[in-house]
Amino acid sequence: MEQTQYKKDFVNLYKTVLQEHEKVFEKEDIVGLIRLTEAVAKADKIFVMGVGREGLAAKSFAMRLMHLGKDTHYIWEDTCPGMGRGDLFIVVNGCGTISHINTVTENARNTGAKVFVITGQRDSEAVRLADDYLFIPAAVFKGTDNECVPSKQPMGNLFEQHLFMLSDLAVMLMEKTLGSDPKKMEKRHRNIE
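Here goes a summary of the coordinates provided. These numbers come from a predicted model, not from an experiment.

## Section: the overall build of the chain
No. 1: Counting its secondary structure elements, the chain contains seven helices and five strands.
No. 2: Scanning the chain from its N terminus toward the C terminus, one meets helices and strands in the order α-α-β-α-β-β-α-β-α-β-α-α.
No. 3: Taking 193 residues into account, the globule formula puts the C-alpha radius of gyration at 16 Å, and the chain, at 17 Å, falls close to it.
No. 4: With respect to the three principal axes, the spread of C-alpha positions in the chain is 55 × 40 × 30 Å.
No. 5: Within the chain, the fraction of its 193 residues that count as buried is 46%.
No. 6: Long-range pairs, those at least 24 residues apart, make up 68% of the contacts in the chain between residues at least 6 apart in sequence.
No. 7: Of the charged side chains in the chain, 25 are positive and 27 negative; the average position of the first set lies 3 Å away from that of the second.

Written out as structure tokens, the structure reads:
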């Protein structure tokens, strides 16, 4: 492929992706984001779960919550402790129908922990199992919510990318609520590398 056409295709793609994200940001569930911030602030321990690319974004969110000073654990890690009353389970289930995530969510509810789902599908089993949820209005793999911004990207790219950016923005907004700042967060970063 010639460089000129490749660059033209590249520019068209990144502009499309940026426009999609801008549309999602304009429709963002600010009330849900506030409720998530409040739940994080109140939680004794926080547990985070997701799978696939959604799981990678969820794991990065868990890392930043730890940097904020919260006792945070990613469900799939072997060092993850048990959960109970006073704890918060943040589960990413984009389409809301991933059965093994819903099974773990039910188990989490049975411990007495608060369940907070992040999803792109409001009418779903995941939302029904949750105490609360944050709706990300971005096209998600196997999602059918009419409020989601459609995407020209494959599968769940828009939701997955947006989850990553939104969780970073949420952490920056939580800094003030949790009495943290970038310097305090940096002190909690792994220091043996």
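## Comments concerning the nonpolar core
No. 1: Core analysis: the largest hydrophobic core is formed by 34 residues, its most contacted members being L36, L65 and I90.
No. 2: Elements represented by at least two residues in this core include exactly α2 (30-42), β1 (45-49), α3 (52-67), β3 (88-92), β4 (114-119) and α6 (157-177).
No. 3: In terms of residue count, the dominant contributor to this core is α6 (seven residues).
No. 4: Once residues within four sequence positions are removed from consideration, I90 is found in contact with L36, V40, I46, F47, V48, M49, F61, L65, F116 and I118.

## Description of the sheet that holds β1
No. 1: Taken together, the five strands give an open sheet; going across it, the order is β2-β1-β3-β4-β5, and neighbouring strands pair in parallel fashion. Edge positions in the sheet fall to β2 (71-74) and β5 (132-135), since each has one partner strand and no second. Each adjacent strand pair in this sheet contributes to an overall mean axis angle of 20°, direction not counted.

## Digging into the packing of aromatic side chains
No. 1: Per the stated rule, a full pass over the model turns up one aromatic pair.
No. 2: If you follow R122 out to its NZ or CZ, it ends over the ring of F135, 4.4 Å from the centre.

## Details of a positive patch on the surface
No. 1: On the surface, K183, K184, K187 and R188 cluster together into a positively charged patch.
No. 2: As for its placement among the helices and strands, K187 is situated in helix α7 (residues 182-187).
No. 3: You can call K187 exposed: its relative accessible area is 73%.

## Observations concerning α6
No. 1: Between its first and last C-alpha atoms α6 spans 30 Å; for 21 residues at 1.5 Å apiece the expected length is 30 Å, and the two agree.
No. 2: Of the positions making up α6, those classed as buried are N157, L158, F159, E160, H162, L163, L166, S167, A170, V171, M174 and E175.
No. 3: A positive phi of about 65° marks G179, the residue just after α6.

## Digging into the environment of H67
No. 1: Along the chain, H67 falls in helix α3.
No. 2: Judged by its relative accessible area of 4%, H67 falls in the buried class.
No. 3: Note: C-alpha distance between H67 and M83 (16 residues apart in sequence) is 20 Å.
No. 4: Look past the residues within four positions of H67 in its chain and what remains in contact with it is S180, K184, M185, R188 and H189.

## Comments concerning the packing of helix α1 (residues 3-26) against α6
No. 1: Interhelical geometry of α1 versus α6 gives an angle of 60° and a closest axis separation of 11 Å. As judged from the angle between their axes, α1 and α6 are oblique. Once α1 is placed against α6, the crossing between them reads as right-handed. The residues of α6 that touch α1, namely those facing V17, E20, H21, V24 and F25, are L158, Q161, H162, M165 and L169.
No. 2: Of the residues contributing to the contact of α1 with α6, the split by class is six nonpolar, three polar and one charged.

What counts and what doesn't
Residues numbered from 1 in each chain as written. Predicted model: local features only at pLDDT ≥ 70, side-chain atom pairs only at ≥ 80, totals over all residues. Heavy atoms only, no water. Helix = DSSP H or I, 4+ residues; strand = E, 2+ residues; numbered from the N terminus. Rg over C-alpha atoms; globule rule 2.2 N^0.38 Å. Buried < 20%, exposed > 50% of the residue type's maximum accessible area, 1.4 Å probe, protein only. Contact = heavy atoms within 4.5 Å. Lys, Arg positive; Asp, Glu negative; His and termini not counted. Charge placed at Lys NZ, Arg CZ, Asp CG, Glu CD. Core = buried A, V, L, I, M, F, W, Y, C linked by side-chain atoms within 4.5 Å. Pairing = 2+ DSSP bridges. Axes fitted to C-alpha atoms, helices over the stretch in contact; angles between N-to-C directions. Phe/Tyr/Trp six-rings, centres within 6.5 Å; stacked < 30°, edge-to-face > 60°. Lys NZ or Arg CZ within 6 Å of the ring centre and 35° of its normal. Patch = residues over 30% accessible without salt bridge, like charges linked within 9 Å, V, L, I, M, F, W, Y side chains within 5 Å. Areas by Shrake-Rupley, 256 points an atom, 1.4 Å probe, with all protein chains shown as cover. Salt bridge = Lys/Arg side-chain N within 4 Å of Asp/Glu carboxyl O. Expected span 1.5 Å × (residues − 1). Parallel < 35°, antiparallel > 145°, perpendicular 65-115°, else oblique. Left-handed = near helix turned anticlockwise from the far one by under 90°. Nonpolar A, V, L, I, M, F, W, Y, C, P; charged D, E, K, R; others polar.

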